[in-house]
Amino acid sequence: MTEKRQFQAIKGTRDILPAESALWNWFEQTAREIFETYGFRDIRLPIFEETWLFARSIGEETDIVSKEMFTFFKRSEPEESPKDLMQRLARQPARDLREEDLRALGDLLTLRPEATAGSVRAYIEHGMYTQPGNVKLYYIGPMFRRERPQKGRYRQFYQVGAEVLGPSDAPAIDAEMLEMLLVFFERVGLTKTTLYINSIGCHECRPKYVELLREELRKVKDQLGADSQRRIETNTLRVLDSKLPHEQAIIEKLPRISERLCEACREHFAKLKDELKLRNIAYQENWRLVRGLDYYTRTTFEVTAAGLGSQNAVCGGGRYDGLVELLGGPAGIKGIGFAIGTDRAILSLQESGHLPRLPSLEVFVAWMGATAYPVAVGMARKLRARGFSVELPPEEMKFKKSLGLADKLGARYALIIGEDEAASGTYTLKRLADAQQQKFSESALLEHLVSERGQGR
Ligand code: AMP
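Residues numbered from 1 in each chain as written. Predicted model: local features only at pLDDT ≥ 70, side-chain atom pairs only at ≥ 80, totals over all residues. Heavy atoms only, no water.

Asker: Would you take a moment to explain the overall build of the protein for this structure?
Answerer: A tally of helices and strands in the protein yields 17 helices and 16 strands. Dimensions along the principal axes, computed over C-alpha positions, put the protein at roughly 90 × 65 × 50 Å. In the protein, which comprises 457 residues, the proportion classed as buried is 48%. One way to put it: in the protein the 67 positive side-chain charges average out to a point 3 Å from where the 65 negative ones average out. (Helix = DSSP H or I, 4+ residues; strand = E, 2+ residues; numbered from the N terminus. Buried < 20%, exposed > 50% of the residue type's maximum accessible area, 1.4 Å probe, protein only. Lys, Arg positive; Asp, Glu negative; His and termini not counted. Charge placed at Lys NZ, Arg CZ, Asp CG, Glu CD.)

Right, here's the structure in full:
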């Protein structure tokens, strides 16, 4: 029986069609080129990893891990739900885990909601910490989060991200990474951006601050909404992220981390700002920028762009100095990274109208007649060998029709080859924008097209 139903892309996912994918490819290719000039190298990671990897690194109490992950079982489904299993095991010290628990954990897989955890896993697994200096990686690809879909927020979305891992945590690393990010945004024409920075302290000073914040929040608990009330106990810093209008005045009066940083973190943050000034990078400090993920330490940052409404963050990132050790790697390895949301960056570019001129169809070969066809096939091949985008109609068409099609396809030129042209070896090149026509021999034609392209015409 034939299926009557029309299939559709799953809610929160979408197709990037050729009309738009050229823009995406250009965006990603520009990132590659710029990141490579800063010494970053591509890493291609699996799309799914052990659930536990994300739970450990991102944090059980974060929105991502507690409700947004697409998780599935490698083998048969056990009686305990993934959430119960993880919550039960998260409370136990690692050494007390039983073998069957470990096996059950290993059976639980998740589509990656981000790629820092996978990058760090790969870094440790392949002993990249033995490489000299800092290891600089970048990745490009899809991420998956079960969020409520809306403009700029999808369940399958794309990120371009970078990580620096190694023994040094010099603020110059943070600053250079931000420089690279902004150079990239400028190059692609994403100009109406704002960089926000903050420091959320380290394992020394942050717990003390969080404790203080929790105490203060408990005092005003009754005035907060349900989400914030819950977060006081589960993910205290996230209360600062709240967008609820009536909570803003309360939050503004809370103690600020910048006043509670330990000496080393204070100095790190001050140096970072010096480094940014040195590079002429404009920024705004935002003490409430804590980011949702547990692994961040010290520097956090976010970049917002115009034209996106409420989902206006196009990039987020920060330091994660303890993550390598937390995931079983050697102590003393520091890290910092960012992830750009490609969907949103592209949306912002489209809204601004700042779009590059991307390659489109250059030559449409209009042929007619049995003797013209082999010549047309040969010319198409020669033009393509020189890098031109060429369309060769697979069936014979009257010139009028094929020129009309060339126009509709947006070709720059039509190359007209009829039986006379085939016999004489001289072809007519028609520029479709102004209908200007010129006759050329084969070699003169190729030369002419190459030189026109060289002059950007
Ligand atoms: P995060 O990993 O949450 O720091 O996100 C980094 C960037 O990825 C954000 O600034 C967004 O631009 C983008 N992003 C995160 N979640 C989504 C989503 N569900 N849909 C589209 N873009 C997203």
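Asker: What should I look at first to understand the packing of aromatic side chains in this one?
Answerer: Describing an aromatic ring pair means giving the distance of the ring centres and the angle of the ring planes. Summed over all chains, the structure comprises ten aromatic pairs. Considering the side-chain rings of Trp24 and Tyr158, the 5.3 Å spacing of their centres and the 85 degrees angle between planes classify their relative orientation as edge-to-face. Highlighted residues: Trp24 in helix H1 (residues 18-37) and Tyr158 in strand E6 (residues 156-166), separated in sequence by 134 residues. Overall, the relative accessible area of 5% leaves Trp24 in the buried class. Ring plane angle 70 degrees and centroid distance 5.8 Å describe the contact between Phe35 and Phe184, whose orientation is recorded as edge-to-face. Residue Phe35 is located in helix H1, and its partner Phe184 is located in helix H7 (residues 171-188); the two are separated by 149 residues in the primary sequence. (Phe/Tyr/Trp six-rings, centres within 6.5 Å; stacked < 30°, edge-to-face > 60°.)

Asker: What exactly am I supposed to notice about the side chain of Glu362 here?
Answerer: One can find Glu362 in the loop between helix H13 (342-352) and strand E12 (363-367). Despite being buried, Glu362 has no salt bridge partner; Arg453 is the closest side chain of opposite charge, sitting 4.2 Å away. Looking at Glu362, its side chain comes within polar contact range of the main-chain nitrogen of Ser389, at 2.8 Å. When residues no more than four places from it in sequence are discounted, the contact partners of Glu362 are Gly387, Phe388, Ser389, Ala411, Arg412, Tyr413 and Arg453. (Salt bridge = Lys/Arg side-chain N within 4 Å of Asp/Glu carboxyl O. Polar contact = N/O pair within 3.5 Å; in protein donor to acceptor, adjacent residues only side chain to side chain. Contact = heavy atoms within 4.5 Å.)

Asker: Could you clarify how one ought to interpret the domain arrangement of the protein in this entry?
Answerer: How big an interface is tends to be stated in terms of the accessible area lost upon association of its parts. Here the protein is partitioned into domain 1 (18-352) and domain 2 (363-454). If you average the C-alpha positions of domain 1 and of domain 2, the two centres end up 52 Å apart. (Domains from an automatic or database assignment.)

Asker: Hey, could you run me through the environment of Glu395 in this one?
Answerer: Relative to the elements of secondary structure, Glu395 occurs in the loop between strand E13 (390-391) and helix H15 (399-408). On a C-alpha basis, the gap between Glu395 and Trp367 in space is 9.2 Å, while along the polypeptide they are 28 residues apart.

Asker: I tried to follow a nonpolar patch on the surface on my own but got confused; where do I start?
Answerer: A cluster of nonpolar side chains, Ile47, Phe48 and Phe72, forms an exposed patch at the surface whose accessible area comes to about 240 Å². As for its placement among the helices and strands, Phe72 is situated in strand E3 (residues 71-73). (Patch = residues over 30% accessible without salt bridge, like charges linked within 9 Å, V, L, I, M, F, W, Y side chains within 5 Å. Areas by Shrake-Rupley, 256 points an atom, 1.4 Å probe, with all protein chains shown as cover.)

Asker: Would you explain the side chain of Gln311 in this entry?
Answerer: With respect to the secondary-structure elements, Gln311 resides in the loop between strand E9 (297-305) and strand E10 (313-319). Discounting chain neighbours no more than four positions away, the residues touching Gln311 are Gln150, Lys151, Gly152, Arg153 and Arg344.

Asker: What exactly am I supposed to notice about the site of the ligand here?
Answerer: Neighbouring residues of the ligand: 15 residues in total, closest Arg145, Glu147, Tyr154, Arg291 and Ala313. With respect to the ligand, the side chain of Arg145 contributes an N or O atom lying 2.8 Å from an oxygen atom. Between a nitrogen atom of the ligand and a side-chain N or O atom of Glu147, the distance comes to 2.6 Å. Considered on its own, the ligand offers 490 Å² of accessible surface; in the complex 92% of this is hidden by protein. At the level of secondary structure, the elements contributing two or more residues to the shell around the ligand comprise E6, E10 and strand E11 (334-341). Ranked by residue count, the leading element in the shell around the ligand is E10, at four residues. Partitioning the shell around the ligand into residue classes produces six nonpolar, four polar and five charged. (Near = heavy atom within 4 Å. Nonpolar A, V, L, I, M, F, W, Y, C, P; charged D, E, K, R; others polar.)

Asker: Got a minute to help me understand the environment of Gly133 in this structure?
Answerer: Take Gly133: it is sitting in the loop between helix H6 (116-125) and strand E5 (135-144). Take Gly133: its relative accessible area is 48%, and that puts it in the partly exposed class. Spatially, the C-alpha atoms of Gly133 and Leu165 are 8.9 Å apart, while their sequence positions differ by 32 residues.

Asker: Teacher, can you tell me more about the packing of helix H14 (residues 372-385) against helix H17 (residues 442-454) here?
Answerer: If you want to describe how two helices pack, look at the angle between their axes and the distance between the axes. H17 packs onto H14 with a crossing angle of 35 degrees between their chain directions and a minimal axis gap of 11 Å. Taken as a pair, H14 and H17 cross one another with a handedness that is right-handed. Touching Met379, Lys382 and Leu383 of H14 are Glu442, Leu445, Leu446 and Leu449, all from H17. Split into classes, the residues belonging to the contact of H14 with H17 amount to five nonpolar, no polar and two charged. (Axes fitted to C-alpha atoms, helices over the stretch in contact; angles between N-to-C directions. Left-handed = near helix turned anticlockwise from the far one by under 90°.)

Asker: Sorry, what's going on with the nonpolar core here?
Answerer: Most often, soluble globular proteins keep nonpolar side chains buried together rather than apart. In terms of nonpolar packing, the biggest core is built from 103 residues, with Phe35, Phe185, Phe338 and Ile340 touching the most fellow members. Excluding residues within four positions of it along the chain, Phe338 makes contact with Phe35, Tyr139, Val160, Gly161, Ala162, Met177, Met180, Leu181, Phe301, Cys315, Gly316 and Gly317. Ranked by size, the runner-up nonpolar core spans 20 residues in total, among them Tyr413, Phe440, Leu445 and Leu446. (Core = buried A, V, L, I, M, F, W, Y, C linked by side-chain atoms within 4.5 Å.)

Asker: What should I look at first to understand empty space enclosed by the protein in this one?
Answerer: The gaps of empty space that remain are located by a probe, the size of a water molecule, rolled over the atoms. A complete count under the given rule lists one cavity of 30 Å³ or more for this structure. Quantified by volume, the largest cavity comes out at close to 50 Å³. Together, Glu60, Val65, Ser66, Lys83, Met86 and Gln87 line the largest cavity. Within the residue set of the lining of the largest cavity, elements represented by two or more residues are helix H3 (63-68) and helix H4 (82-90). If one sorts the elements of the lining of the largest cavity by residue count, H4 sits on top with three residues. Residues belonging to the lining of the largest cavity are distributed by class as follows: two nonpolar, two polar and two charged. (1 Å grid on protein atoms, 1.4 Å probe; cavity = no way out; pocket = protein on both sides within 12 Å on 5 of 7 lines; lining within 4 Å. Points joined across faces, edges and corners; volume = space filled by probe spheres on them.)

Asker: Which parts of the structure should I look at to understand the sheet that holds E6?
Answerer: Strand pairing in a sheet relies on backbone hydrogen bonds. The paired strands run either parallel or antiparallel. Across the sheet, which stays open at both edges, the eight strands sit in the order E1-E5-E6-E11-E10-E9-E7-E8 with mixed pairing between neighbours. The open sheet has two free edges, formed respectively by strand E1 (41-42) and strand E8 (284-285), since each of these has just one partner strand. (Pairing = 2+ DSSP bridges.)

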